[in-house]
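Spelled out from the first residue to the last, the chains are:
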Amino acid sequence: MRKIGAHSLLCPSALRTTAFLLLLAPVFASPPASAETLEDTLRRCTEFSNDQKRLACFDKAAANLKARAELRFGHEGKDIAEEAPESISATITSAAEGAHGKFTFTLDNGQVWRQTSSGRAIWREGEQVTLERGALGSFFMRKATGGRSLRVKRIK
């Protein structure tokens, strides 16, 4: 048995403390999560054909908004990222060359993305593109037909 000062690493009180901390670790490691997301709740409310039941469901969901917000406090970005898709497809409605030869792309879904990586972009209006999630919050845009991708940032 190795000793540090007057206390043993394997003494009963140290083992109890360690066991207690291991039991509490999951509680502090992740935020409390509600069983149903707000989107699920709203979708469920739309399924009621009875107007009074549907309204009561929406009223209950609205009353729970503050409690939901408090539960997610500090993890807002994480919640959004978990619910967001890994990629989307769209069509370029305009491509405008800006400073330093970098392009700004407006898509048919209303989103606007700016090229952040260096390199030539030979993409035109009407082309199908796929936007994919990258590492550390980055995004890449690639023609739907394949080829090289560009690092982009959403600006609108």
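Remember, it's a predicted structure, so these values are computed and weren't measured experimentally.

(A) A look at the packing of aromatic side chains. In the structure shown here, the tally under the stated rule is three aromatic pairs. Taking 6.0 Å as the distance between ring centres and 20° as the angle between the ring planes, the aromatic pair formed by Phe 103 and Phe 105 counts as stacked. Consider the rings of Trp 113 and Phe 139, whose centres lie 5.4 Å apart with planes at 65°: the pair is edge-to-face. Pair noted here: Trp 113 is in strand β5 (residues 112–115) and Phe 139 is in strand β7 (residues 139–143), with a separation of 26 residues, a long-range link. Its relative accessible area of 4% is what places Trp 113 among the buried residues. An aromatic cluster of three or more residues is present, and its members are Phe 103, Phe 105 and Trp 123.

(B) Just the packing of helix α2 (residues 38–46) against helix α3 (residues 51–63), in detail. Across the interface, α2 lies against α3 with an axial gap of 8 Å and an inter-helix angle of 165°. As far as their axial angle goes, α3 and α2 are roughly antiparallel. Considering the relative orientation of α2 and α3, their crossing is left-handed. Only Arg 54, Cys 57, Phe 58 and Ala 61 of α3 make contact with α2, whose side of the interface consists of Thr 41, Leu 42, Arg 44, Cys 45 and Thr 46.

(C) Up close: the pattern of salt bridges. Counted under the stated rule, the structure contains five salt bridges. Note that Arg 43 is salt-bridged to Glu 39, the shortest N-O span being 2.7 Å. With Arg 43 and Glu 39 both in helix α2, this residue pair falls four residues apart, about one helical turn. Take Glu 39: its relative accessible area is 46%, and that puts it in the partly exposed class. Measuring nitrogen to oxygen at the nearest pair gives 2.4 Å for the salt bridge that ties Arg 54 to Asp 51. With Arg 54 and Asp 51 both in helix α3 and three residues apart, the pair spans about one turn of that helix. Asp 51 gets classed as exposed once you look at its relative accessible area, which sits at 52%. Connected through shared salt-bridge partners, Glu 39, Asp 40 and Arg 43 make up one network.

(D) Structural view of the state of the cysteines. Using the criterion set out here, one finds one disulfide in the structure. Between the sulfur atoms of Cys 45 and its disulfide partner Cys 57 the distance amounts to 1.9 Å. On the sign convention where negative means left-handed, the S-S torsion of about -70° between Cys 45 and Cys 57 marks this disulfide as left-handed. Of this pair, Cys 45 sits in helix α2 while Cys 57 sits in helix α3; the two residues are 12 residues apart in sequence, bridging distant segments of the chain. When sorted by exposure, Cys 45 lands in the same class as Cys 57, which is buried.

Scoring rules and cut-offs
- Each chain carries its own residue numbering, running from 1 in the written order of its sequence.
- Given that the model is predicted, a residue must reach a pLDDT of at least 70 before its local features are reported, and side-chain atom pairs must reach 80 or more before they are shown or counted; all residues, however, enter totals for whole chains, interfaces and linings.
- To obtain the side-chain values, all non-hydrogen atoms of the structure were used and water was disregarded.
- Only rings of Phe, Tyr and Trp enter the pairing, Trp through its six-membered ring, and a pair is recorded when the two centres are within 6.5 Å. The plane angle decides the type: under 30 degrees is stacked, over 60 is edge-to-face, the rest tilted.
- Strands here are runs of E lasting at least two residues and helices are runs of H or I lasting at least four, both read from the DSSP assignment and numbered beginning at the N terminus.
- Categorising residues by exposure relies on relative accessible area from a 1.4 Å probe, with only protein chains included: less than 20% of the type maximum marks a residue as buried, more than 50% marks it as exposed, and the intermediate range marks it as partly exposed.
- Axis definition: a line fitted to C-alpha atoms, limited for helices to the stretch in contact. Angles are taken between N-to-C directions and run from 0 to 180 degrees.
- Angle categories: roughly parallel below 35 degrees, roughly antiparallel above 145, roughly perpendicular from 65 to 115, and oblique for all the rest.
- For a crossing to be left-handed, the near helix must be turned anticlockwise from the far one by less than a right angle; the clockwise case is right-handed.
- We call two residues in contact whenever any of their non-hydrogen atoms come within 4.5 Å of each other.
- For this analysis, a salt bridge means a side-chain nitrogen from Lys or Arg found within 4 Å of a carboxyl oxygen belonging to Asp or Glu.
- Two cysteine sulfurs form what is called a disulfide whenever their separation falls within 2.5 Å.

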